[in-house]
Amino acid sequence: MAPQAKIKVLPQPVQAEASSTKIVDLLAHDLLTPEEATGLEAVAERYAVAVTPTMLDLIDRADPQDPIRAQFVPSVLELQQSPEESADPIDDAAFTPVPGLVHRYQDRVLLKVLSVCPVYCRFCFRREMVGPGGEALVGENLDQALDYIRARPQIFEVILTGGDPFMLSARRARELVQALAAIDHVKVVRWHTRVPVVAPERVTDDFVGALRAEGVASWVAIHANHPREFTTEAKAAIIRMREAGISLVSQSVLLRGVNDRLDVLQDLMRGFVALGVKPYYLHHPDLAPGTGHFRLPISEGQDLMAGLRRTLTGLAQPTYVLDVPGGAFKAPLDPPYVRETEGGLQLLDGTGLWHDYKG
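The shown structure was predicted, so the numbers you read here are calculated from the model rather than taken from an experiment.

Student: Could you give me a rundown of the pairing of strand β2 (residues 108-112), with the residues and numbers involved?
Tutor: Burial analysis of β2 places 4 of its 5 residues in the buried class, the great majority of the element. Note that strand β1 (residues 101-105) and β2 share 3 bridges and pair antiparallel. Bridge pairing in β2 places Y105 opposite R108. In sequence, β1 turns back onto β2 through a hairpin of 2 residues. Bridge analysis of β2 against strand β3 (residues 157-161) gives 5 bridges, and the strand direction is parallel.

Below is the structure:
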C-alpha cells in the first residue's frame, strides 16, 4: 500500500455571527443585573462563556428559570464543587494513547479535533478542557493520531468531538474526512455537534458536502436538550444534512430545570423524529465540577424513561445512560443495570462488573 499523505488541519472556523463571550456582554443583553454580573466574574474566570445570537434570541428575559438561559448563562452555583466531582469525570486521560485521541472501546476512537465551541454549556463534562485558546489536534499530533488509527485494523469508527468539530471550516473538515476515508478499515465517521441548533448558519451546503467521502458512512449526532431549540433555522440545517444523505442521531442530557418533565422530553424526542433524527442517548449528567445543580436522582430519570416508554413510538425512545466514573463503560440506566447498596448505588458495565456510584 502506498504511504499515506500527511495533512494539516488547522482549527480556523468559518466566521459567523459572534457569540457573547463576556459577563459584560450578557449584562448588555439584559440577561443579568449588575449585582449578578459582579458575582459571576469568578465563574467566567474559571469556565469559558459563550452564547450565540440564536440562543440569546430564544431566552425569555421575563423568566429567571428559562430552560435556555439555564443551559448557557453562568450561575454562581458553578462555584460549588462536591468531593465526587472531577475535572475528568469519565477518565479520558487514562485512555489517551496519543494526544487528542481516546481509545476506550476496541472498535472505535474519539478524535478531539479542537477545543472551541460556539456555546459553552454550563453542564459540560469537558468544561475544564474546552474554551478559547485551548489545544487543537494539528500538525504532528494529528499525524500521530491518524497513524495510530491506521495501525489498528480493529478500529471501525472514528468519532469527531472536541470542542465542537463543526467549528472547522468546510475545507479542513473535508481534508479530515478524506484522510479517514483513506484508511481501509475505517467505515464510519461520526460527528458530535451542537452547531445545527445553536449556530445553524454554519451548516452551509459547502460544509454539508465536506462531511461525506467515498468509502465511509457519515453520521452526525446532534445535541439538543429542549424542544424550543428547534428553531426554523435549526430545522433547515438538519433537513439540509438529511437530504444530503447524512445519517442523523440525537444526544441530549437530562438536566434539572431544563428537561426534567415528561411533557418536555416527549416534545424533544418527537421533535427529533419529525426531523428524521433517531433519538440515541439521553445522558445522565457526568460528575463535572460545579454541575451538581443540574443532576437529579437516577430514580427520577428512570421514572421519566418509563413515561416515555408508555407514551412514545419506539422510534422516539432514547437509551438512558451514564458514563461510569473512572472511564470503565457507558452503563444503561434501566433497572437491571442499577442496584441499591448500603453506600448508595452500583452500576453494571458491559463486562459484567459492578461499580460504586455516588452522585
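Student: Got a sec to walk through the pattern of salt bridges? Specific residues and values, please.
Tutor: Applying the stated rule across the entire model yields 18 salt bridges. Close ionic contact of R127 with E78 constitutes a salt bridge, the shortest N to O distance being 2.4 Å. One end of the pair, R127, is in the loop between β2 and α5 (139-150); the other, E78, is in the loop between α4 (67-72) and β1, and 49 residues separate them in sequence. Its relative accessible area of 5% is what places R127 among the buried residues. The exposure class assigned to E78 is buried, which follows from its relative accessible area of 1%. Its salt-bridge partner being E85, residue R295 comes within 2.9 Å of it at the nearest N-O pair. Within this pair, whereas R295 is found in the loop between β7 (278-283) and α11 (298-311), its partner E85 is found in the loop between α4 and β1, the two being separated by 210 residues in sequence. The exposure classification of R295 matches that of E85, with both residues buried. When salt bridges with common partners are traced through the structure, they connect D92, R104, K112 and R126 into a single cluster.

Student: So, the layout of surface pockets: which residues are in play, and what are the values?
Tutor: In this structure, the largest pocket encloses a volume near 930 Å³. Taken together, 39 residues make up the lining of the largest pocket; nearest its centre are F125, R126, T161, H192 and Q251. Counting only elements with at least two residues in the lining of the largest pocket, the list comes to β1, β2, β3, β4 (188-193), β6 (247-253) and β7. A class-by-class count of the residues in the lining of the largest pocket yields 19 nonpolar, 10 polar and 10 charged. Each pocket or cavity is described by its volume, and for the second largest pocket that value is around 480 Å³. P64, Q65, R69, A70 and S75 are, among the 20 residues lining the second largest pocket, the residues nearest its centre. Of all the elements in the fold, those that place two or more residues in the lining of the second largest pocket are α2 (34-46) and α4.

Student: Talk me through the packing of aromatic side chains; I want residue IDs and the actual numbers.
Tutor: This model, assessed by the stated rule, comprises 6 aromatic pairs. Each ring, one from F123 and one from F294, has its centre 5.7 Å from the other, and the planes form 80 degrees; the classification is edge-to-face. Of the two residues, F123 is situated in the loop between β2 and α5 and F294 in the loop between β7 and α11; the sequence distance between them amounts to 171 residues. Between Y280 and Y281, the ring centres sit 4.0 Å apart and the planes meet at 20 degrees, which makes this aromatic pair stacked. Judged by its relative accessible area of 18%, Y281 falls in the buried class.

Student: Can you lay out the nonpolar core for me, pointing to particular residues and giving the numbers?
Tutor: Core analysis: the biggest nonpolar cluster contains 98 residues, and L111, I149, L180, W191 and M241 have the highest contact counts within it. Per element, the largest residue contribution to this core is 7 residues, and it comes from helix α6 (residues 170-181). Setting aside anything within four residues of it in sequence, one finds L180 in contact with L111, L146, I149, V158, L160, V186 and V189. Counting residues in each nonpolar core, the second largest holds 5 residues, with A48, A50, Y120 and V130 among its members.

Conventions used here
- Residues numbered from 1 in each chain as written.
- Predicted model: local features only at pLDDT ≥ 70, side-chain atom pairs only at ≥ 80, totals over all residues.
- Heavy atoms only, no water.
- Buried < 20%, exposed > 50% of the residue type's maximum accessible area, 1.4 Å probe, protein only.
- Helix = DSSP H or I, 4+ residues; strand = E, 2+ residues; numbered from the N terminus.
- Pairing = 2+ DSSP bridges.
- Salt bridge = Lys/Arg side-chain N within 4 Å of Asp/Glu carboxyl O.
- 1 Å grid on protein atoms, 1.4 Å probe; cavity = no way out; pocket = protein on both sides within 12 Å on 5 of 7 lines; lining within 4 Å.
- Points joined across faces, edges and corners; volume = space filled by probe spheres on them.
- Nonpolar A, V, L, I, M, F, W, Y, C, P; charged D, E, K, R; others polar.
- Phe/Tyr/Trp six-rings, centres within 6.5 Å; stacked < 30°, edge-to-face > 60°.
- Core = buried A, V, L, I, M, F, W, Y, C linked by side-chain atoms within 4.5 Å.
- Contact = heavy atoms within 4.5 Å.

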